[in-house]
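Residue strings, one per chain:
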Amino acid sequence: YIVPVARAKHAYLMAVRQDWLDALGIGVPTTQEELIDMLIRFHTDDPDGNGKADTYGTHGQYLFWSTLVAVNDAYDGFQIGEDGVFLGQTSEAYKERLKLWQKLIAEGGIDPESITDNEDIWKDKMVNGKYGVFTHDSDYYVDYWAGSMKNRFKEANPDTELVAVFTRRAPETV
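So, how was this worked out
- Residues numbered from 1 in each chain as written.
- Predicted model: local features only at pLDDT ≥ 70, side-chain atom pairs only at ≥ 80, totals over all residues.
- Heavy atoms only, no water.
- Helix = DSSP H or I, 4+ residues; strand = E, 2+ residues; numbered from the N terminus.
- Buried < 20%, exposed > 50% of the residue type's maximum accessible area, 1.4 Å probe, protein only.
- Contact = heavy atoms within 4.5 Å.
- Areas by Shrake-Rupley, 256 points an atom, 1.4 Å probe, with all protein chains shown as cover.
- Pairing = 2+ DSSP bridges.
- Patch = residues over 30% accessible without salt bridge, like charges linked within 9 Å, V, L, I, M, F, W, Y side chains within 5 Å.
- Salt bridge = Lys/Arg side-chain N within 4 Å of Asp/Glu carboxyl O.
- Core = buried A, V, L, I, M, F, W, Y, C linked by side-chain atoms within 4.5 Å.

Details of the overall build of the protein chain
Right, on to step 1. Of the regular secondary structure elements, the protein chain holds five helices and seven strands.
Right, on to step 2. Listing the helices and strands of the protein chain from first to last along the sequence gives β-α-α-β-β-β-α-α-β-α-β-β.
Right, on to step 3. The burial tally for the protein chain puts 43% of its 174 residues in the buried class.
Right, on to step 4. Considering only residue pairs separated by 6 or more positions, the protein chain has 68% of its internal contacts joining residues 24 or more positions apart.
Right, on to step 5. Carbon together with sulfur atoms contributes 53% to the accessible area of the protein chain, which is approximately 9600 Å² in total.

Below is the structure:
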């Protein structure tokens, strides 16, 4: 037997370290291009000031489904398009999404280890200053981030805040 499950629409949320923005003299990104540039600069421009390129824009775990990769409406799953229902992963837009993902990994916008890191590891990396952006789905973000994750981050990083970047709603799904 199969029991169908309906997924509620939700947003993916992103928060960025204010101290890293300040260190690089940039503001909170408002466009996809600014976001991509910021993620790469968080690797190349030494936002933590230790003289090493040992930081990354973010982990890749939820970025793949997040605001950033909603570029060209390249979503996962079955979608409703002009010609009816189609699988998002077969679209040209999705191929562009994968090229962007590859670019971000190659240029340090995404930690290449995030492909194999488990959730505990990437949370530790965020708390310990390896990532400048935290991203997750809104349900988790509200429930978990508002509690223990926020406390862990503030304890390790008392002199900074995380500021929201922007959100984008998921498309109609079948």
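What to know about the pairing of strand S3 (residues 78-81)
For a regular strand, side-chain orientation follows a simple rule: the groups alternate between the two sheet faces.
Right, on to step 1. As defined by bridge partners, S3 adjoins strand S4 (residues 84-87) across four bridges and the pair is classed as antiparallel. The residue bridging Gln79 from the neighbouring strand is Phe86, located in S4.
Right, on to step 2. Counting the residues between successive antiparallel strands, the hairpin from S3 to S4 contains two residues.

Concerning unusual backbone geometry
Right, on to step 1. Although it is not a glycine, Asp46 adopts a positive phi angle of roughly 55 degrees.
Right, on to step 2. Along the chain, the position of Asp46 falls in the loop between helix H2 (32-44) and strand S2 (56-58).

What to know about a nonpolar patch on the surface
Right, on to step 1. A surface patch of nonpolar side chains, about 380 Å² in accessible area, is lined by Phe78, Ile80, Val85 and Leu87.
Right, on to step 2. Contributing elements (two or more residues each) for the nonpolar patch: S3 and S4.
Right, on to step 3. Along the chain, the position of Ile80 falls in strand S3.
Right, on to step 4. Residue Ile80 is classed as exposed on the basis of its relative accessible area, which comes to 55%.

Considerations on the nonpolar core
Soluble, globular proteins show a tendency: their nonpolar side chains are buried together.
Right, on to step 1. One finds Val16, Leu35, Met38, Leu39, Phe42, Leu104 and Val133 to be the most contacted residues of the largest nonpolar core, which totals 17 residues.
Right, on to step 2. Elements represented by at least two residues in this core include exactly strand S1 (11-17), helix H1 (18-24), H2 and helix H3 (92-106).
Right, on to step 3. The element best represented in this core is H2, accounting for six residues.
Right, on to step 4. Counting residues in hydrophobic clusters, the runner-up holds nine residues, among them Trp122, Val127, Met149 and Leu162.

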